[in-house]
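Residue-level structure breakdown
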Amino acid sequence: MPTTPDPAFAGRTYPAGPVHTVSAAKIVEFARATGATSALHTDAEAARGAGHADVVAPPTFLVSLAQATEAQYIEDPASGIDFSRVVHGEESFTLHRPVVAGDRLVPTLTVEAIRAAGGHAMVTTRVDLADEAGTEVAAVRSMLVVRGD
Amino acid sequence: MTTTPAAPADLSALTVGQELARTRHEVSRDTLVRYAGASGDFNPIHYNDAVAEQAGLPGVIAHGMLTMGTAITGLLDAIVDPTAVRAYSTRFTNPIPVPATGSVALEVVAVVGAIDEAAGTARVDLTAQVDGTKVLGRARATLALPAAPADGSAEQGAA
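Below you will find a few notes about this structure. (Residues numbered from 1 in each chain as written. Chains lettered and ligands numbered in written order. Predicted model: local features only at pLDDT ≥ 70, side-chain atom pairs only at ≥ 80, totals over all residues. Heavy atoms only, no water.)

Considering the pairing of strand S6 (residues 136-144) of chain B
The criterion, for reference: Between any two strands, at least two bridges found by DSSP are needed for them to pair. A run of H or I in DSSP counts as a helix once it spans at least four residues, and a run of E counts as a strand once it spans at least two, with each numbered from the N terminus.
Taken together, the six bridges between strand S2 (residues 85-92) of chain B and S6(B) define a ladder with antiparallel strand orientation. Opposite Val85(B), over in S6(B), you have Leu143(B) as the bridge partner.

Written as structure tokens, this is what we have:
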């Protein structure tokens, strides 16, 4: 029997971390997987020539870190989320500056909202990413639909 | 790609309604496996038909995030500097079933939706379709672009 998301998780912010170091190899791999062809994603020299410290991440690259961060909520049995019934509803990225290889990012997960709609549950999470000094770098917001019966 | 424009766009070079990119991307099971590895998203509905059908899907479907990530690449090529993208959001309106062999074509058009000169940004609206079905809804990217060429003499359309 499928479980349903526990509304008590809404509004919860998890402890920040762990620190994630952005990998040049993962940027290259992600760019190739999505067909992003700019040399800024794959060639450190080209990226440095354009004023960046290293290769630059494509706009949706942080989804991997966001999903790994969301997992502490989604995969918690107490959350009541049946992952086999989850589909992706919406996704949004806000980038305050380019993300480059070598960035050390600190993710913070907030469960923004859990609401019922048409027999389904809509779960919205936000992962804020800051540098180690606490300066905001990006935010990734995801809305997951947990399908009812 | 071979058709790289010479320079990044500036805000004065854009007009609302202008088409910036029109691209077609083949999506196959190979594409899904490659994206799974690159992103770390190994949900089996993206590679295992039995699991996908058990979950009530027509079969293996593309990762929504693969669709989102791929859909913006035509725009990234058009603006040359991908770091001009400051925001990107979408709804996932329809899944993309991907056949075991062969591929499906994701067709994307990027059009300037709004220009905010005070903020130095342009909103670009993306439509993404497979076989005439919209797969992304309200897909929008916000670009931060220079206001005008350095000499400042050229107003919009002067070129």
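Section: the interface of chain A and chain B
Quick note on the threshold: Any two residues whose heavy atoms approach within 4.5 Å at even a single point are treated as in contact. Defined here as a combined quantity, buried area equals the accessible surface (1.4 Å probe) lost by two parts on assembly, summed across both. By definition here, a salt bridge exists when the distance from a side-chain nitrogen of Lys or Arg to a carboxyl oxygen of Asp or Glu is within 4 Å. Counting of polar contacts relies on pairs of N or O atoms within 3.5 Å, with two restrictions inside protein: one atom must be capable of donating a hydrogen and the other of accepting it, and residues adjacent in sequence are counted only when both atoms are side-chain atoms. In this classification, the charged set is Asp, Glu, Lys and Arg, the nonpolar set is Ala, Val, Leu, Ile, Met, Phe, Trp, Tyr, Cys and Pro, and all remaining amino acids, among them Gly, are polar.
Each partner contributes to the interface: chain A provides 31 residues, whereas chain B provides 31 residues. For the pair chain A and chain B, the summed buried surface comes to about 2500 Å²; carbon and sulfur atoms form 60% of the total. Among the residues chain A hides against chain B, the three largest losses belong to Ala33(A), Thr34(A) and Pro59(A). Together they make up 19% of the total. Linking chain A to chain B there are one salt bridge. If you look at where chain A meets chain B, you find nine residue pairs in polar contact (both at pLDDT 80 or more). Elements with a minimum of two residues in the side of chain A that touches chain B: helix H1 (24-34), helix H3 (63-74) and strand S2 (86-95) of chain A. The element contributing the most residues to the side of chain A that touches chain B is S2(A), with eight residues. Taken together, the residues of the side of chain A that touches chain B sort by class into 11 nonpolar, 14 polar and six charged. Pairing of S2(A) with S2(B), which is carried by five bridges, proceeds in the antiparallel orientation.

Focus on the environment of Pro7(A)
With respect to the helices and strands, Pro7(A) occurs in the segment before strand S1 (20-21). Taking C-alpha positions, Pro7(A) is 9.2 Å from Gly80(A), a pair spaced 73 residues apart along the chain.

The quantities given are spatial measurements derived from coordinates; they are silent on function.
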